[in-house]
Protein chains: 4
Amino acid sequence: MPTILGQNQYGKAENRVVKITRDGATHHIKDLNVSVALSGDMDEVHYSGSNANVLPTDTTKNTVFAFAKEYGIESAEQFGIHLARHFVTSQEPVHRARIRIEEYAWERIETSDAGEAKHSFVRKGQEIRTAQVTFDGEKWEVISGVKDLTVLNSTNSEFWGYIKDKYTTLKETYDRILATDVSGKWRFNWTDDEQTMPDWEESYEQVRKHLLQAFAETYSLSLQQTLYQMGARVIDNRSEIDEVRFSLPNKHNFLVDLEPFGLKNDNEVYYASDRPYGLIEATILRDGCEARIPVDLTNL
Amino acid sequence: MPTILGQNQYGKAENRVVKITRDGATHHIKDLNVSVALSGDMDEVHYSGSNANVLPTDTTKNTVFAFAKEYGIESAEQFGIHLARHFVTSQEPVHRARIRIEEYAWERIETSDAGEAKHSFVRKGQEIRTAQVTFDGEKWEVISGVKDLTVLNSTNSEFWGYIKDKYTTLKETYDRILATDVSGKWRFNWTDDEQTMPDWEESYEQVRKHLLQAFAETYSLSLQQTLYQMGARVIDNRSEIDEVRFSLPNKHNFLVDLEPFGLKNDNEVYYASDRPYGLIEATILRDGCEARIPVDLTNL
Amino acid sequence: MPTILGQNQYGKAENRVVKITRDGATHHIKDLNVSVALSGDMDEVHYSGSNANVLPTDTTKNTVFAFAKEYGIESAEQFGIHLARHFVTSQEPVHRARIRIEEYAWERIETSDAGEAKHSFVRKGQEIRTAQVTFDGEKWEVISGVKDLTVLNSTNSEFWGYIKDKYTTLKETYDRILATDVSGKWRFNWTDDEQTMPDWEESYEQVRKHLLQAFAETYSLSLQQTLYQMGARVIDNRSEIDEVRFSLPNKHNFLVDLEPFGLKNDNEVYYASDRPYGLIEATILRDGCEARIPVDLTNL
Amino acid sequence: MPTILGQNQYGKAENRVVKITRDGATHHIKDLNVSVALSGDMDEVHYSGSNANVLPTDTTKNTVFAFAKEYGIESAEQFGIHLARHFVTSQEPVHRARIRIEEYAWERIETSDAGEAKHSFVRKGQEIRTAQVTFDGEKWEVISGVKDLTVLNSTNSEFWGYIKDKYTTLKETYDRILATDVSGKWRFNWTDDEQTMPDWEESYEQVRKHLLQAFAETYSLSLQQTLYQMGARVIDNRSEIDEVRFSLPNKHNFLVDLEPFGLKNDNEVYYASDRPYGLIEATILRDGCEARIPVDLTNL
């Protein structure tokens, strides 16, 4: 046979599960998008089409919904851990499970009497929280993250002192807008059931806070520098995390030339451009730790 | 000539203007997407290609950016009024201008010392605010709105007592999730420069509050009833508004059947479905007023 | 009561129906996205929540799938006619039905022996065909259309002789790229069951051909002129159609300035810009006919 | 320093370059979306913000447009090779360049006299072609690909004989629709300037043909089996390729239950579902070759 099978995985992607927990008249909501990917002893289904080792993707979907009832959804990470453990330990041909989750946050609607509605919610919409849990029967890998968190500094950003070659036309600037959509992933050093598990909810809130603050508080000479500070701030403050990876588009807000109209644009009016954009990507590691988050978080 | 020209309009769409206002070290941001549509004495450009009456769309773009400097951006509506007045009054062939604006809200990043960053922002992301200003040289029409505001009631929604025909299989329900993405538009009764202009920023915040509260506080027997209450609450509380139009998808969250797994689903676990969805659309009017908002806010 | 109900409609949107017709081993496919909107005697459901006059949107969905079996899908328009007639004639409170359909075209995969696969298809992907059928119990209105059909002329387009005001910086050009995504709708003069029905499939193919040819064969002094020629070509050649409406973005392909690099750009290298874009919209009518297609085909 | 920098890269993403080549009155068009990612001696820009080793992303953008003039665009791959070589060989701190390209195909509009327009095009729209070229100063890696190529077999697909656990409810089927959006990447064994370069255009057309034919001609017992056949067909027929990776969603077309309406659905009427979907991913290798295409082509 001139061809062989390499890495492979399968499962049901994008199971949209909404869990309502009733505490008397007060309801709580968790809103997840769960994707399952299983791998293991799966050569035969590729070679001959025999499904003898295949747990149907439809079954993995059913399991997601059943587990929302059986275990509840304490956090995206904890929910992923329940699922990954189940697939690997209950099916002999499944050697590895990877659960990816997107979480959409909601907040309570304010009522007419300035209170909080007990069972009425409005989607927060500011960012998407992500979690990825992988289990091979022995070790855990948990990588949490964020995407679509759009931030902007209207000053305290410069860009100068770069290489000029024959294709360089960009002028140096000492005051520009710096804006990006934060896509980040961070890896926990929790890998074993014997270790104390992090508080996933608290950890997310803290990481989010630190990366926002680092973005705001770094006087920036380059987006790379800001990115590094964002990652370092997370590593420095959160001992449960060993590695951070960011993919940050440099969303250009170009100063509009108003001189043809006899107007002076004193860093006031900008044109927000779509494409092209700079794309800055890097990993920040706790010293002595190994990088394990894949390099590409985007397709471009 | 067997064919004739009917209604026509042209302009530059989606001018993405970001305006930074500096109040010492404290900056303020307005982030708009502005679309211009002009009409008037434009037959010849269609028939012969003569551009003698055509102000280039590129010029309308330049005007948007220049006006951000010349007038600032107090509100989307006020900015639209400046632009519409300019095009109609400065160019004889332009008889009517319609300015459409989307606004993206930002909030300040919280700093390490629990203060508010002076020039660092995170996009709020909860909804998109819209405004449409039309001017024909005499009368103004201002229609403001909101889109992509996602809300959910986890109880207090029933659906029963409907028509059953031979294609009906739906079971009646006395407790369901009611969820929608609010798309709404509301028309102001300000139409004339002689009238006192509404406070556009305050009006938006109040309308938004009222429609959210009406959604939360209506015990719902149908999404139509909820929609009507949302519109009536706005009309009742905001004297500056005469007409509201909503387009509300009924975003189905289906209760998952867990019985095959020996589990009881007591209104806890739902599957959030994408398509198809119900689509409920209606106009609510102040008694005695005429409907002027077009019927279709969506393409489907 | 200070508020009253205006125009309203409801139904199930985006029912994705795929119909396979087997002619021995040779299969045929129709792939539609069907949206139902009903209106009529529906005040009470808005005022009190009584659903006594409401055929559930779930039932309208079931009807779409059942009719695919009962009537087949000869064309999007014919399918819409079956559905609209059914809703209006079978339910007394329903006075008007509007069916909107998107159709996705497929073509056969070529086999190893250079034949055509009998039951294997690849989606064509070039454009989306649309149809809208409205019935009020007496008269029909059929508006067909196309969207996302992207076309480009690499020459034979000029733009000069326009108004210059103080905000004008654009230079006149005698050779530019003209590119657009065609969004068009056309209204048939078939309105009555007594009339001979058009051949909807043939009509679509012919209209599509004529508008493409008019785009290609018009030496253009403005996109407005090209738009008018596209509409006029359709009206002139297709007697079953009385009105055409186009919404054409002027997708800017800007000549890149290569002089800083010592290169001459002789209409060779362009930058395809996303936003902003010109947006040209107009109706073309058969002389003596009334315009009935709504003005806005887009949201901006 | 408790944190260190790991892998990093930067560049300008999504440069939309359109190249028109004039052969007398006959024009040719190439339409690309080009993304540049550079890495090398870039620690300092992250640590201190010094840009001394940074070629600005704006310069990489300029280079893309300049090279479209200087070298033309023979193929996406060849264009990427020119760019990658330039960045690595012209800038000492740049040790590695990765160029990613999306290509959009166009075809000529048919004219009134049944000829082909010389300079009028309609975008083909069936799929997006991709290419990725990486150069480290010594070795080349070229990975080409396709995405958004939607295919469907209306029969000759079964699914049975799988594992049943307590969460399994799926019924076995002996005749179902099999549909997917093909996302594939394939790696060339051309790695060295000394080797003869493949004919990139011909190779793409042939790979595309083989994977479509394998999809159509495989009687399928599982999507995994079909996927493997698609990859094996490419490896078997194209000696220039050593590795293929597919990510294939199993786009469910569910048979609609029409029995409640007294109708029999004999594999005729299907509901095309959006989410969740199966997701099948695998690598197929020429025997003896090493896998180098990253595992995840999607974000879920």
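Residues numbered from 1 in each chain as written. Chains lettered and ligands numbered in written order. Predicted model: local features only at pLDDT ≥ 70, side-chain atom pairs only at ≥ 80, totals over all residues. Heavy atoms only, no water.

Brief notes about the nonpolar core
Nonpolar side chains in soluble globular proteins tend to be buried together. Our working rule: Put simply, buried Ala, Val, Leu, Ile, Met, Phe, Trp, Tyr and Cys residues joined by side-chain atoms within 4.5 Å make one nonpolar core. The buried label goes to any residue with under 20% of its type's maximum accessible area, the exposed label to any with over 50%, and the partly exposed label to all in between, with areas taken from a 1.4 Å probe on protein chains only. Residues are treated as being in contact if the distance between any of their heavy atoms lies within 4.5 Å.
Counting 150 residues, the largest nonpolar core has Phe79 and Leu211 of chain A together with Phe79 and Leu211 of chain D as its most contacted members. Sequence-distant contacts of Leu211 of chain D, that is, excluding residues within four places in its chain, are made with Leu149, Val182, Trp186, Met230, Val234 and Phe246 of chain D. Val122 of chain A together with Leu5, Ile73 and Leu227 of chain B belong to the second-largest nonpolar core, a separate cluster that totals 146 residues.

Focus: the relation of the copies chain D and chain A
Here is the rule: In superposing the copies, a least-squares fit is computed on C-alpha atoms, taking residues whose pLDDT is at least 70 in both.
Its rotation angle being 180°, the transformation that places chain D on chain A also includes 0.0 Å of axial translation and leaves an RMSD of 0.0 Å. On this basis, the relationship between the two copies can be described by a two-fold rotation axis. A shared interface surface links the copies, since 100% of the contact residues of chain D are contact residues in chain A too.

A closer look at the relation of the copies chain B and chain C
Each copy of the sequence occupies a distinct position, and chain B is placed on chain C by a rotation of 180° and an axial shift of 0.0 Å, giving an RMSD of 0.0 Å. The residues that chain B uses at the interface reappear at the interface of chain C in 100% of cases, marking a shared surface.

Focus: the domain arrangement of chain A
All names here are of chain A. Let me state the cut-off plainly: By convention here, the domain bounds are inherited from an automatic or database domain assignment. Defined in terms of a 1.4 Å probe, buried area is the accessible area two parts forfeit on being brought together, summed over both.
Each assigned domain of chain A is listed with its residue range as follows: domain 1 (9-138) and domain 2 (145-300). Computed from C-alpha coordinates alone, the two centres of domain 1 and domain 2 are separated by 29 Å. Each partner contributes to the interface: domain 1 provides 14 residues, whereas domain 2 provides 14 residues. Summing the contributions of domain 1 and of domain 2, the shared interface buries around 1,300 Å²; its carbon and sulfur component is 44%. Per-residue buried area on domain 1 facing domain 2 is highest for Glu127, Arg129 and Thr130; these three make up 38% of the total on that side.

Concerning the interface of chain D and chain A
The cut-off we apply is this: Any Lys or Arg side-chain nitrogen located within 4 Å of an Asp or Glu carboxyl oxygen qualifies as a salt bridge. In the analysis that follows, any N or O atom pair within 3.5 Å is treated as a polar contact, provided that within protein one partner can donate a hydrogen and the other can accept it, and provided that, for residues neighboring in sequence, both atoms belong to side chains.
Counting residues at the interface gives 84 residues for chain D, matched by 84 residues for chain A. Across the chain D to chain A interface the summed buried area is about 7,300 Å²; carbon plus sulfur atoms make up 51%. Here chain D and chain A share six salt bridges between them. With a closest N to O distance of 3.0 Å, Arg100 of chain D and Asp296 of chain A form a salt bridge. If you look at where chain D meets chain A, you find 48 residue pairs in polar contact (both at pLDDT 80 or more).

Some points on helix H5 (residues 223-237) of chain D
Threshold: Helix and strand definitions here come from DSSP, where helices need a minimum of 4 consecutive H or I residues and strands a minimum of 2 consecutive E residues; each element is numbered from the N-terminal end. Between the first and last residue of a helix there are one fewer steps than residues, each counted as 1.5 Å, and that sum is the expected span.
With 15 residues, H5 of chain D should reach 21 Å at 1.5 Å per residue; the first-to-last C-alpha distance of 21 Å fits that figure. Burial of H5 of chain D is extensive: 11 of the 15 residues sit out of reach of the surface. Against the buried residues of H5 of chain D lie strand E1 (3-13) and helix H1 (43-47) of chain A together with strand E9 (178-188), helix H4 (200-217), strand E10 (241-250) and strand E13 (277-286) of chain D.

Here's the deal with the environment of Ile4 of chain A
One can find Ile4 of chain A in strand E1. Remark: the alpha-carbon pair of Ile4 of chain A and Ala117 of chain A, spanning 113 residues in sequence, is separated by 58 Å.

Some remarks on unusual backbone geometry
Leaving glycine out, the prevailing phi sign among residues is negative, and the prevailing peptide bond configuration is trans. Omega for the bond connecting Arg275 of chain B with Pro276 of chain B falls within 30 degrees of zero, at -10°, which places this linkage in the cis form. Even without being glycine, Ala114 of chain A reaches a positive phi, approximately 65°. Looking at the element boundaries, Ala114 of chain A is found in the loop between strand E5 (106-110) and strand E6 (116-123). Using a relative accessible area of 58% as the deciding quantity, one classes Ala114 of chain A as exposed.

Quick notes on the packing of aromatic side chains
Our working definition: Here the aromatic set is Phe, Tyr and Trp, taking the six-membered ring for Trp, and pairing holds for ring centres within 6.5 Å; pairs whose planes are under 30 degrees apart are stacked, those over 60 apart are edge-to-face, and all others are tilted. Should the NZ of a Lys or the CZ of an Arg lie within 6 Å of a ring centre and within 35 degrees of the ring normal, that charge is described as sitting over the ring.
This structure, assessed with the given rule, holds 48 aromatic pairs over all chains. Where Tyr167 of chain A meets Phe67 of chain D, the ring centres are 5.9 Å apart and the plane angle is 70°; that geometry is what we call edge-to-face. Within this pair, whereas Tyr167 of chain A is found in the loop between strand E8 (140-153) and strand E9 (178-188), its partner Phe67 of chain D is found in helix H2 (residues 57-70), the two belonging to separate chains. There is no split in this pair, since Tyr167 of chain A and Phe67 of chain D are both buried. Where Trp160 of chain C meets Tyr174 of chain C, the ring centres are 5.9 Å apart and the plane angle is 20°; that geometry is what we call stacked. Placement of the pair is Trp160 of chain C in the loop between strand E8 (140-153) and strand E9 (178-188) and Tyr174 of chain C in the loop between E8 and E9, with a sequence separation of 14 residues. Its end group placed over the ring of Tyr162 of chain B, Lys164 of chain B keeps NZ or CZ at 4.5 Å from the ring centre.

Section: the pattern of salt bridges
Opposite charge on two side chains permits them to pair, given that their charged atoms come into close proximity. Counted according to the given criterion, the structure contains 96 salt bridges over all chains. For the salt bridge of Lys251 of chain A with Asp181 of chain A, the shortest nitrogen-to-oxygen distance reads 3.1 Å. Taken together, the positions of Lys251 of chain A in the loop between strand E10 (241-250) and strand E11 (253-255) and Asp181 of chain A in strand E9 put the pair 70 residues apart, joining distant regions of the chain. Lys251 of chain A sits in the partly exposed class, given a relative accessible area of 27%. Put simply, Glu268 of chain C and Lys69 of chain D hold a salt bridge, and the shortest N to O gap is 2.7 Å. Taken as a pair, Glu268 of chain C in the loop between strand E11 (253-255) and strand E12 (269-272) and Lys69 of chain D in helix H2 lie in two separate chains rather than in one. One network of salt bridges, with partners in common, ties together Lys30, Glu77, Glu103, Arg129 and Glu201 of chain A.

As for the side chain of Arg100 of chain B
Mapped onto the secondary structure, Arg100 of chain B falls in strand E4 (residues 94-103). Accessibility expressed as a relative area gives 12% for Arg100 of chain B, which makes it buried. Here Asp296 of chain C takes part through its side chain, which lies 3.0 Å from a polar atom of the side chain of Arg100 of chain B.

Considerations on the interface of chain B and chain C
Condition: Strands are labelled as partners when DSSP assigns at least two bridges between them.
Listed per partner, the contact involves 84 residues of chain B and 84 residues of chain C. Counting each side, the surface lost to burial between chain B and chain C is near 7,300 Å², with a carbon and sulfur contribution of 52%. Taken together, the links from chain B to chain C amount to 48 residue pairs in polar contact (both at pLDDT 80 or more). Sorting the residues of the side of chain B that touches chain C by element identifies strand E1 (3-13), strand E2 (15-23), strand E3 (26-40), helix H1 (43-47), helix H2 (57-70), E4, helix H5 (223-237) and strand E13 (277-286) of chain B as the ones contributing at least two each. In terms of residues, the side of chain B that touches chain C owes the most to one element, E1 of chain B, which gives 11 residues. Sheet analysis places E13 of chain B next to strand E1 (residues 3-13) of chain C, joined by nine bridges and oriented antiparallel. From the neighbouring strand, Gly278 of chain B faces E1 of chain C, where its bridge partner is Lys12 of chain C.

Re a negative patch on the surface
Residues and elements named next belong to chain A. Short version of the rule: Exposure above 30% relative accessible area and the lack of any salt bridge qualify a residue for a patch; like charges then connect within 9 Å, and the nonpolar side chains Val, Leu, Ile, Met, Phe, Trp and Tyr within 5 Å. Method for areas: the Shrake-Rupley scheme with a 1.4 Å probe, in which residue coverage is limited to the protein chains shown. Residues counted as positive are Lys and Arg, residues counted as negative are Asp and Glu, and His and the chain ends are not counted. In plain terms, the charge of a residue is placed at NZ if it is Lys, CZ if Arg, CG if Asp and CD if Glu.
Together, Asp41, Asp43, Glu44 and Glu92 make up a region of like negative charge exposed at the surface. Looking at the secondary structure, you find Asp41 in the loop between strand E3 (26-40) and H1. The exposure class of Asp41 is partly exposed, given its relative accessible area of 38%.

Description of the environment of Ser183 of chain D
All names here are of chain D. For Ser183, the location among the structural elements is in strand E9. As for Ser183 and Glu172, which are separated by 11 residues in sequence, their C-alpha atoms are 27 Å apart. Those residues within four positions of Ser183 in sequence are excluded, and the remaining contacts are Val146, Lys147, Arg245, Phe246, Ser247, Leu248 and Leu297.

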